[in-house]
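Topology and contacts: notes
If you want the building blocks of each chain, they are given just below.
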Amino acid sequence: MTTLAPPTRDEGVRQHSHRAGPPADGGIKARTRRLFTGPPDDPRWARPTLWAVLVLAVGLYAWNVSSITGNTFYNAAVYSGTKSWKAFFFGALDSGSFITVDKPPFALWVMGISARVFGFGTWQLALPMVALGTGSVALLYRMVKRDFGAVAGTVAALALALTPITVAITRDTNPDPVLVFLMLLGAAGLMKAVRGGRLMPLVWSAVAIGFAFNTKMMQAYVVLPVFFLVYLWAANASLGRRIRNLAVATVALVVSSAWWMVVVDLWPASSRPYIGGSTDNTVWDLVIGYNGFGRIFGASSSTGSAGNGASFGGTASVYRMFNDIMGGQISWLIPFAAIALVGGLVLRGRAPRTDAKRAALMLWGGWFVVHYLTFALAEGTFHPYYVTAMAPGIAALAGIGGVMLYRAFREGSAAKWGWVLPLAVAVSAVWAVVLLQRVSGSGALYTVAEIVAGVAGAVSVLGLLAGRFLKRQRLLGFAALAAVVALLAGPAAYSVSAATSASNNGTNPTAGPSTGGGMGGGGGGGMGGGAPSGTGSRSGSAPTGTGGQSMGEPPAGANGSSSSGSSSTESGTEASGAGSGTQSSGGQMGGGAGGGTQVSSEMITYLEKNQDGATWLLAVATDQTAASIILESGEPVISMGGWSGTDNAMTLAKLKSLVKSGQLHYIIVSSDGGQGTNSEITAWVEANGTAVNSSAYSSGSTSSSTGLYRLDASDVG
């Protein structure tokens, strides 16, 4: 069988398309020139085109940066980390370090360093996400180009930059852009280790995945089976050396993954925050439960409690990525990627074991397949933006497969390869039209994209067939360009929508118009955005941006409703009172404190005036409410029940201790069974505390019970 593959670097490229190399002495000027024009053996168009793709990525990720309100949950934790190094290290929600967020803190550290250097504000939190998202595009280009040439690298980079869900999540403050960049660093180290057979690149690959673990825990390990298989099969070393290197890299992986968990779990529990999302106040429980097997098997903890949340991305099945919710976010290039993967492996079928091109196909194909199966079949909490981790695999296969199938189509047997590329383009173009038909009537942008996808797809297929059998090379090139346009028109429309919508970020960011299922590109999810806030009328402690924006202004969707009007939460259940965390036009915080109590700006002002030296301004039921008040006031606020209100972070004994020591004076409880309500705590507070009626802080309000109580040391028996 003849092995067909794209030319490497300078193979098959005409001499006149290259530049003469720089003088032998080089120098700073020559290096600077190469930064913008590329290596001497690159085609003239390659580096300028890469810069154009990177500029496009920055534009999509950073357009109207002041509207990137982000996730109030993580924003509050970042703000708290700027006020306390202890909160910074543990990833605590509040600067008093009562409870952590339900993720490890590496992404918070990244944003926190930016906030400490530049000040806390909208663009300061968005900056590292935009940088890492763009860095992922550049890194993917470099990896694909290394083995398959500039065309493949450019197509892969463009496909990743235009992946709708990637645009949406990069315009947010969720940890996923950090996760993807670290996983790509790990992949780069792996491929370097495969080519050279050396140990250290493999060790650094493991370290990168370890840091990814400290970003989103077990999700970082989804690619590990692929990494191990690719190295064990294709590394340029003896079997014994491969096994030894993998063993050493595994040690590096364990150390880089577990160091923070070990430190935290060995730290005396009485002097550190409660581990949010855990059932026993340990990071290990969070790893194997809430952020581990619970995501896959539908259990939210290691004790096997029922997990929910599948409705955020549709019912778990092998077709999930193509449903009305997920289709427009990630599935555009999946048909092409699948065909390209099979075709590419066939083309490299008789290559040597150490063939780097086949190893790259195994890497990106495995990356795509394992992520697809994991996300499609996951029965636990599942949000659409998780699949941004799958995007590099799809994008790489689109670039690699496009080049390999094109060369096979042009040079291979007509009977074997004359139909594969046209079929891949036709199937993908038809699927793009189907996806755009689902949102017909949502705006001219999608109508134009549908027409472009359909027409360009037809032109591409006909041009490929005609060019092949008429032997017109220019026609083939034009048809290939039309295929790129046809396959990326739909993703481009969704990505532009994500970049220009002021309400597509928050807890559950998506791109494009609403397509049902409680989802929608315009919906901000459970918290509806929630920029780092702080009212312009409140001076002093409120966190404000340094870019001149008053961050107390409510973004669109401030009531925290998704397209269906239900709040999407990380726990997968609708949170009672889980509002946006930004001040609504009615003067109330979007988040209820449990049992429907609303926290207004007037209440916060009253609490600040009567804080009396307490560490915490207030204790409330859930993270969402605590985060919103932290960002509104700049003061530490206790979340007694974590994200879903079910964490056992606050006990009656702990509450009494805090009150007796003067660290806490105010608490909101509910006797109607609201979310996060602890009946024992509620009964004690109602029996011993002093109720604060609304008339105490709101002049226009009648005297009524709000669930707010004052507690002093004398109330503790």
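Residues numbered from 1 in each chain as written. Predicted model: local features only at pLDDT ≥ 70, side-chain atom pairs only at ≥ 80, totals over all residues. Heavy atoms only, no water.

**Things to note about a nonpolar patch on the surface**
- Taken together, Ile-113, Val-117, Phe-118, Trp-123 and Leu-127 make up a surface patch of nonpolar side chains, about 460 Å² in accessible area.
- Within the residue set of the nonpolar patch, elements represented by two or more residues are helix 5 (106-118) and helix 6 (122-161).
- In terms of residues, the nonpolar patch owes the most to one element, helix 5, which gives three residues.
- Among the structural elements, Leu-127 can be located in helix 6.
- For Leu-127, a relative accessible area of 36% puts it in the partly exposed group. (Patch = residues over 30% accessible without salt bridge, like charges linked within 9 Å, V, L, I, M, F, W, Y side chains within 5 Å. Areas by Shrake-Rupley, 256 points an atom, 1.4 Å probe, with all protein chains shown as cover. Salt bridge = Lys/Arg side-chain N within 4 Å of Asp/Glu carboxyl O. Helix = DSSP H or I, 4+ residues; strand = E, 2+ residues; numbered from the N terminus. Buried < 20%, exposed > 50% of the residue type's maximum accessible area, 1.4 Å probe, protein only.)

**Remarks on helix 20 (residues 473-500)**
- Under the 1.5 Å per step criterion, the end-to-end length of helix 20 is 39 Å for 28 residues, consistent within 8% with the ideal 40 Å.
- Helix geometry: helix 20 is bent most strongly at Leu-488, by close to 40°, with proline Pro-491 lying one to four residues after it. (Expected span 1.5 Å × (residues − 1). Bend = angle between axes of the 7 residues up to and from the residue.)

**Here we look at the packing of helix 14 (residues 334-347) against helix 18 (residues 420-438)**
- Packing of helix 14 against helix 18 brings their axes to within 8 Å, and their N-to-C directions diverge by 160°. Regarding the angle of helix 14 to helix 18, the classification is roughly antiparallel. Crossing angle aside, the handedness with which helix 14 passes helix 18 is right-handed. For the pair helix 14 and helix 18, the contacting residues are Pro-335, Phe-336 and Ile-339 in the first and Val-420, Leu-421, Ala-424, Val-425, Val-427, Ser-428 and Trp-431 in the second.
- Tallied by class, residues from the contact of helix 14 with helix 18 come to nine nonpolar, one polar and no charged. (Axes fitted to C-alpha atoms, helices over the stretch in contact; angles between N-to-C directions. Parallel < 35°, antiparallel > 145°, perpendicular 65-115°, else oblique. Left-handed = near helix turned anticlockwise from the far one by under 90°. Contact = heavy atoms within 4.5 Å. Nonpolar A, V, L, I, M, F, W, Y, C, P; charged D, E, K, R; others polar.)

**Some details on the pattern of salt bridges**
- All told, the structure shown has eleven salt bridges when counted by the stated rule.
- Bridged by salt links that share partners, the residues Arg-146, Asp-147 and Arg-195 form one connected network.

**Side note on the packing of aromatic side chains**
- This structure, assessed with the given rule, holds 27 aromatic pairs.
- Geometrically, the ring pair formed by Phe-89 and Trp-109 is stacked, given 6.2 Å between the ring centres and 25° between the ring planes. Of the two residues, Phe-89 sits in helix 4 (residues 85-90) while Trp-109 sits in helix 5, which places them 20 residues apart along the sequence.
- Classification of Phe-89 by relative accessible area gives partly exposed; the value is 21%.
- Ring geometry for Trp-109 against Trp-259: centres 6.1 Å apart, planes inclined by 40°, an arrangement best described as tilted. Placement of the pair is Trp-109 in helix 5 and Trp-259 in helix 11 (residues 239-266), with a sequence separation of 150 residues.
- Among the residues examined, Trp-259 registers a relative accessible area of 33% and is labelled partly exposed.
- Members of the aromatic cluster, connected to one another through ring pairs, are Trp-85, Phe-88, Phe-89, Phe-90, Phe-106, Trp-109, Phe-211, Trp-259 and Trp-267.
- Of note, Arg-320 hangs over the ring of Phe-382, and the distance from its end group to the ring centre comes to 4.2 Å.
- The ring of Phe-409 is capped by Arg-468, whose NZ or CZ atom sits 5.7 Å from the centre of that ring. (Phe/Tyr/Trp six-rings, centres within 6.5 Å; stacked < 30°, edge-to-face > 60°. Lys NZ or Arg CZ within 6 Å of the ring centre and 35° of its normal.)

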